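# Structural features, examined
The primary structure of each chain is shown beneath.
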Amino acid sequence: MRLHWPTFSNVPAELREQLQAEGVIFIADKVGVSRHFSGHVPGVYSSAGVARFRGAFGFSAARIVATFPTRADSNLRSVDCAWDTNVGPATATITAKGLVIEIDLRSVDRAFSGTMKFNYKRRVPDDVLQQLPTTKLAFPVQPIFVYRAAGVRPKS
C-alpha cells in the first residue's frame, strides 16, 4: 500500500515513525472528529454537547492509535493500544466510514457520569479492513483523558 504524507500533517512525527517501524497498515490525518458528550465530569456538565476537532488515526500490525489534539496537549490520544487488548470502559469500532470510540464515563471514574463518543470521519478502504486483526475492541481509558477531552484542566 502506498502511503502519501502531506507536507503539513497533524500526525506527530514521533508517532508516524513508530507506526512505520511497527508495519503501518493505514494512516488518516487531518480527520474531522465529532465529540459527543452527555453527562458530568467534575468541572463541566453537558446534556448533549457536540464539538468538532481535527485529529488523526492509524493502524499498524501492532496497534490502533487515534489522536485527539487539544490546545493543552497536541499529543493527546483517544486510543493507543495493542490489537489484543479487550478490557476497558471504552470501545473502538472500525468501519468503512471511519473510527468510532465510545466511552462509558462511570466506568472510567466514579466521579464521572454519562457517555463520550468520538466519530473520526474518514473512509477506510475494504482492503485495509480485511488486513486488521479485528474491527472492534475494548480498551482502558485514563481519567486525565476524559478531563482533557471534556475541556477541563484538572488540578495537579
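Residues numbered from 1 in each chain as written. Predicted model: local features only at pLDDT ≥ 70, side-chain atom pairs only at ≥ 80, totals over all residues. Heavy atoms only, no water.

Looking now at the pairing of strand S1 (residues 24-41). Pairing of S1 with strand S2 (residues 44-60) involves 14 bridges; the strand directions are antiparallel. Bridge pairing in S2 links valine 24 to serine 60. In textbook terms, the turn of a hairpin is the stretch between consecutive antiparallel strands, and for S1 and S2 this stretch comprises two residues, one of which, glycine 43, has a positive phi near 110°. Bridge count for S1 against strand S7 (residues 113-121) is nine bridges, and the pairing is antiparallel. Bridged to glycine 39 within S7 is glycine 114. (Pairing = 2+ DSSP bridges. Helix = DSSP H or I, 4+ residues; strand = E, 2+ residues; numbered from the N terminus.)

Let us now look at the confidence of the model for the protein chain. In the predicted model, the protein chain carries a mean pLDDT of 86, and the fraction of residues at 70 or more is 88%. Here residues 1-8 scores under 50 on pLDDT; set against residues more than four positions off or in separate chains, the count is eleven contacts. (pLDDT = per-residue confidence, 0-100. Contact = heavy atoms within 4.5 Å.)

Taken as a whole and assessed by the stated rule, the structure comprises ten aromatic pairs. For the pair phenylalanine 112 and tyrosine 147, a centre-to-centre distance of 5.2 Å together with 85° between the ring planes defines the contact as edge-to-face. Of this pair, phenylalanine 112 sits in the loop between helix H2 (105-108) and S7 while tyrosine 147 sits in helix H4 (residues 143-150), placing them 35 residues apart in sequence. In this pair, the class of phenylalanine 112 matches that of tyrosine 147, namely buried. When the ring of phenylalanine 118 is compared with that of phenylalanine 145, the centres are 5.7 Å apart and the planes differ by 55°; the resulting orientation is tilted. Residue phenylalanine 118 is located in strand S7, and its partner phenylalanine 145 is located in helix H4; the two are separated by 27 residues in the primary sequence. Take phenylalanine 118 and phenylalanine 145: they sit in the same class, and that class is buried. Through pairs of rings, three or more aromatic residues link up here, namely Phe26, Phe57, Phe59, Trp83 and Tyr120. (Phe/Tyr/Trp six-rings, centres within 6.5 Å; stacked < 30°, edge-to-face > 60°. Buried < 20%, exposed > 50% of the residue type's maximum accessible area, 1.4 Å probe, protein only.)

Once that is clear, we can look at the pairing of S7. Sheet analysis places strand S6 (residues 98-104) next to S7, joined by seven bridges and oriented antiparallel. Opposite glutamate 102, over in S7, you have lysine 117 as the bridge partner.

Attention now moves to the environment of valine 141. You can see valine 141 is positioned in the loop between strand S8 (136-139) and H4. Placed 33 residues apart in sequence, valine 141 and valine 108 show a C-alpha to C-alpha distance of 6.4 Å. Leaving out residues up to four positions away in the same chain, valine 141 has contacts with Pro89, Ala90, Ile103, Val108 and Val146.

On to the nonpolar core, then. By size, the foremost hydrophobic cluster in this structure holds 41 residues, and its most contacted members are Phe57, Phe59, Ile64, Ile101, Ile103, Phe118 and Tyr120. Residues within four places of isoleucine 101 in sequence aside, it is in contact with Ala66, Ser78, Val79, Thr91, Ala92, Met116, Lys117, Phe118, Tyr120 and Phe139. Counting six residues, the second largest nonpolar core, distinct from the first, contains Leu19, Ile27, Ala56 and Val65. (Core = buried A, V, L, I, M, F, W, Y, C linked by side-chain atoms within 4.5 Å.)

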